[in-house]
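# Secondary and tertiary structure notes
Spelled out, the chains give:
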Amino acid sequence: MPGITREEVAHLARLARLDLNAEELEHFAGQLDDIIGAVAAVSDVADEDVPPTSHPLPLTNVMRPDEVRPSLTPEQALSGAPAQEQQRFKVPQILGEE
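Residues numbered from 1 in each chain as written. Predicted model: local features only at pLDDT ≥ 70, side-chain atom pairs only at ≥ 80, totals over all residues. Heavy atoms only, no water.

The protein is annotated in an unreviewed UniProt entry as Aspartyl/glutamyl-tRNA(Asn/Gln) amidotransferase subunit C of Streptomyces oceani. Under the UniProt heading Sequence similarities (unreviewed entry), the note attached to the protein is "Belongs to the GatC family." UniProt, in the comment section headed Subunit (unreviewed entry), describes the protein in these words: "Heterotrimer of A, B and C subunits." (UniProt positions renumbered as here; feature names shortened; annotations may be inferred.)

## Details of helix α2 (residues 22-45)
Taking 1.5 Å as the rise per residue, α2 with 24 residues should run 34 Å; its terminal C-alpha atoms sit 35 Å apart, in good agreement. Regarding α2, its N-cap is N21, as a side-chain oxygen of that residue lies 3.1 Å from the backbone nitrogen of E23 further along. (Helix = DSSP H or I, 4+ residues; strand = E, 2+ residues; numbered from the N terminus. Expected span 1.5 Å × (residues − 1). Polar contact = N/O pair within 3.5 Å; in protein donor to acceptor, adjacent residues only side chain to side chain.)

## Examining the pattern of salt bridges
Applying the stated criterion to the full structure yields two salt bridges. When the shortest N-O distance is used, the salt bridge between R6 and E26 registers 3.0 Å. Pair noted here: R6 is in helix α1 (residues 6-15) and E26 is in helix α2, with a separation of 20 residues, a long-range link. Of the residues examined, R6 reaches a relative accessible area of 31% and is grouped as partly exposed. Taking relative accessible area as the criterion, E26 reaches 46% and is therefore assigned partly exposed. Residue K90 is joined to E85 by a salt bridge in which the shortest nitrogen-to-oxygen separation is 3.4 Å. Classification of E85 by relative accessible area gives partly exposed; the value is 42%. (Salt bridge = Lys/Arg side-chain N within 4 Å of Asp/Glu carboxyl O. Buried < 20%, exposed > 50% of the residue type's maximum accessible area, 1.4 Å probe, protein only.)

What follows is the structure, given as structure tokens:
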């Protein structure tokens with residue numbers, strides 16, 4: 001398989017609107033070639049009887065189920081706020097939008 005050329009890297013850089021110098025083009029050409037080689041090696045190992053997965057080990061959700069527990073009332077939560085409106089913290093407008 002032919003390697004990635006400087007011209008191909010320069011083309012990709014132009015598409016991505018990146019300004020790369022000659023040294024960076026050489027450097028990234030080598031890196032991209034290594035990445036493509038690694039992906040090709042993985043593709044060679046993958047067999048038809050092995051299903052595609054996102055993780056080598058089965059994962060299960062480790063979060064607990066939601067349950068209602070005692071907490072602050074809106075009045076308690078807002079008691080120290082310098083300003084409040086409709087049971088919410090009121091803060092200065094910063095984006096100029098309504």
